[in-house]
Amino acid sequence: ELWKESEEIARTAYGTEELPGLYSAFDFPLRYRLVQALAVEEKGLGHKAATVLTEGYASHSDYPAHAIPNLMLTNHDLVRFGDLVERAGYGGKENPDFWKRHKCAFAFMAAYTGPITIYYGDEIGFEVEGFAEKVTENCVDVDLCDDHVGRTSGKISGLDDREKNLKNYLKSLMELRETHPALWNGTRTNLIANETIFADLKQHKDDKLVFVLNISTGSATVTIPQSEIVGGRLRDAFANTVFEVEDGEYQIPIDGLTGLILIVE
């Protein structure tokens, strides 16, 4: 763990090709961009366009070839994602979008090449009660400082239906990630990055998938030329919906706050 920007992570953790250091360190630069796209990060920056995700990936160019960054959403020193969603003004657990934003974050992580870390509690949308707003005065006295508030007790029983649904969704993503090496070990080619849509092509040998993320609350139709994928039909990994090529393009409808993983067949 080096809680720094990419240049310092490269210098003090990864080293150089000639004098290599660690093989993996936490991917703080991309983590912050992911949270900025779906909520706000601890300093209040957020409500960003989906293009911010390309900025996060661009930070990888600072690393030597042997580096394999590890992406997380939360850790013991960061604020729970659920609290950051509330700080962004998107509501708490009573709002269905609270859960959708978690699912979007997990889908993005599932399509990430390299290791990922799921911090305990994130799988059920954990939030710290009474911590929707940043405590700026006497945070130590009330045990609500940003830099340690994630150190909470775990919860493995007594889950409500919403918590179970999120946990099962993450479980399905991890099973898909295990089945498809293109997700965790594939090359990444960005297809779309605009205000609301982010899409990548992931490929490892014959395994090829398309990841599409809609960070807006409104539905959209995503157009991807077949020439950029060089494949046949696309099949939704979970819904089994099939998208055929029409006039050299795929037309992919996607709901708001949704991540799709499409298998290229």
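Computed from a predicted model, the values in this text were never measured in an experiment. (Residues numbered from 1 in each chain as written. Predicted model: local features only at pLDDT ≥ 70, side-chain atom pairs only at ≥ 80, totals over all residues. Heavy atoms only, no water.)

A. Structural view of the pattern of salt bridges. Summed over all chains, the structure comprises 15 salt bridges. Across the pair R87 and D146 runs a salt bridge, and its minimum N-O distance is 2.7 Å. Of the two residues, R87 sits in helix α4 (residues 81–87) while D146 sits in the loop between β2 (116–117) and α6 (161–179), which places them 59 residues apart along the sequence. In this structure R87 comes out as buried when scored by relative accessible area, which is 17%. (Salt bridge = Lys/Arg side-chain N within 4 Å of Asp/Glu carboxyl O. Helix = DSSP H or I, 4+ residues; strand = E, 2+ residues; numbered from the N terminus. Buried < 20%, exposed > 50% of the residue type's maximum accessible area, 1.4 Å probe, protein only.)

B. Looking closely at the packing of aromatic side chains. Scanning the entire structure with this criterion turns up eleven aromatic pairs. Here F98 and W99 contribute two aromatic rings whose centre-to-centre distance is 5.1 Å and whose plane-to-plane angle is 75°, an arrangement assigned as edge-to-face. Each member of the pair, F98 together with W99, is buried. By way of ring pairs, the aromatic residues Y57, F108, Y112, F198 and F211 are connected into one cluster. Of note, R31 hangs over the ring of Y32, and the distance from its end group to the ring centre comes to 4.8 Å. (Phe/Tyr/Trp six-rings, centres within 6.5 Å; stacked < 30°, edge-to-face > 60°. Lys NZ or Arg CZ within 6 Å of the ring centre and 35° of its normal.)

C. Highlighting the sheet that holds strand β5 (residues 207–214). The antiparallel open sheet is built from six strands, whose spatial order is β3-β4-β5-β10-β7-β8. The sheet is open, and its two edges are formed by β3 (187–193) and β8 (242–243), each paired on a single side. As defined by bridge partners, strand β4 (residues 197–204) adjoins β5 across eight bridges and the pair is classed as antiparallel. Bridge pairing in β5 links I197 to N214. Against the sheet, helix α5 (residues 96–110) engages β4, β5 and β10 (258–264), with an angle of about 155° to β5. (Pairing = 2+ DSSP bridges. Contact = heavy atoms within 4.5 Å. Axes fitted to C-alpha atoms, helices over the stretch in contact; angles between N-to-C directions.)

D. Representation of the nonpolar core. With 50 residues, the main nonpolar core has F108 and I261 as its most contacted residues. Elements with a minimum of two residues in this core: α2 (28–38), α3 (52–58), α4, α5, α6, α7 (181–185), β5 and β10. Ranked by residues supplied to this core, first place goes to α5 with nine residues. Residues within four places of I261 in sequence aside, it is in contact with A110, L173, L176, L183, L209, V210, F211, R235, D236 and A237. Counting residues in each nonpolar core, the second largest holds 18 residues, with I192, L201, I224 and I254 among its members. (Core = buried A, V, L, I, M, F, W, Y, C linked by side-chain atoms within 4.5 Å.)

E. Spatial organisation of a negative patch on the surface. Together, E244, E246, D247 and E249 make up a region of like negative charge exposed at the surface. Among the structural elements, E249 can be located in strand β9 (residues 249–254). According to the relative accessible area criterion, E249 is partly exposed, its value standing at 31%. (Patch = residues over 30% accessible without salt bridge, like charges linked within 9 Å, V, L, I, M, F, W, Y side chains within 5 Å. Areas by Shrake-Rupley, 256 points an atom, 1.4 Å probe, with all protein chains shown as cover. Lys, Arg positive; Asp, Glu negative; His and termini not counted. Charge placed at Lys NZ, Arg CZ, Asp CG, Glu CD.)

F. Focus on unusual backbone geometry. One non-glycine residue, H47, adopts positive backbone phi at about 55°. Along the chain, the position of H47 falls in the loop between α2 and α3. Judged by relative accessible area, which is 48%, H47 ranks as partly exposed. For N138, which is not glycine, the phi dihedral falls at a positive 55°. For N138, a relative accessible area of 54% corresponds to the exposed category.

G. How the structure looks around the pairing of β3. Bridge count between β3 and β4: six bridges; the pairing is antiparallel. Following the sheet pairing, N190 is matched in β4 by D200. What sits between the antiparallel neighbours β3 and β4 is a turn of three residues.

H. Examining the side chain of H180 more closely. Within the secondary structure, H180 sits in the loop between α6 and α7. The buried category is assigned to H180, whose relative accessible area is 13%. Ignoring sequence-local partners within four residues, the contact set of H180 consists of D207, L209 and I263.

I. Examining helix α1 (residues 6–14) more closely. By the burial criterion, the buried members of α1 are S6, I9, A10, A13 and Y14. Seen along its axis, α1 keeps its buried residues to an arc of 105°; they face one direction. Exposed and oriented more than 90 degrees from the buried face of α1 are E7 and R11. Taken together, the buried residues of α1 touch α2. With its phi angle positive at about 75°, G15 sits one or two positions after the end of α1. (Arc of directions from axis to C-beta.)

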